[in-house]
Amino acid sequence: ALTGAALATSLVVRSRRWVSPAKTNLFLRILGRRADGFHELSSLFQAIKGPELQDALVMEDASVETLECTSPGVPTGPENLVLRALSLLRERVAG
């Protein structure tokens with residue numbers, strides 16, 4: 001995995017970047033599980049401003065999606081919701 005300056009110098013021309021500001025959930029209620037495996041939610045949240053309180057998703061041309069996680073027990077294969085969401089996002093961006 002590349003980080004810092006190495007990552008900045010290795011970016012390909014075709015990349016997309018989305019920024020997601022931090023938020024706090026004022027409440028979160030799980031209403032049930034949908035047929036696709038995701039949960040139906042009811043939530044109210046407040047955005048929190050500040051550049052240090054945001055995540056960025058950067059997608060670059062790649063032949064394989066990879067996910068690295070240091071938390072034990074978190075799946076990093078195709079069953080991971082991050083990779084499932086990435087796959088759906090790629091389909092919509094390409095289409």
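Residues numbered from 1 in each chain as written. Predicted model: local features only at pLDDT ≥ 70, side-chain atom pairs only at ≥ 80, totals over all residues. Heavy atoms only, no water.

Brief notes about the overall build of the protein chain
Regarding its fold elements, the protein chain presents two helices and three strands. Its helices and strands in sequence order give the protein chain the pattern α-β-β-β-α, from N to C terminus. Considering the protein chain as a whole, with its 95 residues, one finds that 5% of them fall into the buried category. Across the protein chain, every contact between residues at least 6 apart in sequence was considered, and the portion connecting residues at least 24 apart equals 53%. Total accessible area on the protein chain is roughly 8000 Å²; 56% of this is exposed by carbon and sulfur atoms. (Helix = DSSP H or I, 4+ residues; strand = E, 2+ residues; numbered from the N terminus. Buried < 20%, exposed > 50% of the residue type's maximum accessible area, 1.4 Å probe, protein only. Contact = heavy atoms within 4.5 Å. Areas by Shrake-Rupley, 256 points an atom, 1.4 Å probe, with all protein chains shown as cover.)

Quick word on the pattern of salt bridges
Enumeration over the complete set of coordinates arrives at one salt bridge. A salt bridge links Asp36 to Arg34, with the shortest nitrogen-to-oxygen separation between them at 2.7 Å. Looking at Asp36, the relative accessible area reads 39%, which means it is partly exposed. Residue classification places Arg34 among the partly exposed residues on the basis of a relative accessible area of 36%. (Salt bridge = Lys/Arg side-chain N within 4 Å of Asp/Glu carboxyl O.)

Structural notes on the pairing of strand β2 (residues 39-48)
Where strand β1 (residues 15-33) meets β2, ten bridges bridge the pair, whose relative direction is antiparallel. Following the sheet pairing, Arg29 is matched in β2 by Ser42. (Pairing = 2+ DSSP bridges.)

Focus: the packing of aromatic side chains
Going through the model one piece at a time under the given rule, you end up with zero aromatic pairs. Seen from the ring of Phe45, Lys23 lies directly overhead, with NZ or CZ sitting 5.2 Å from the centre. (Phe/Tyr/Trp six-rings, centres within 6.5 Å; stacked < 30°, edge-to-face > 60°. Lys NZ or Arg CZ within 6 Å of the ring centre and 35° of its normal.)

Quick notes on the environment of Gln54
By the element assignment, Gln54 lies in strand β3 (residues 54-60). A sequence separation of 31 residues divides Gln54 from Lys23, and the C-alpha atoms of the two residues are 8.8 Å apart. Apart from residues lying up to four places away in sequence, Gln54 is in contact with Val19, Ser20, Pro21 and Ala22.

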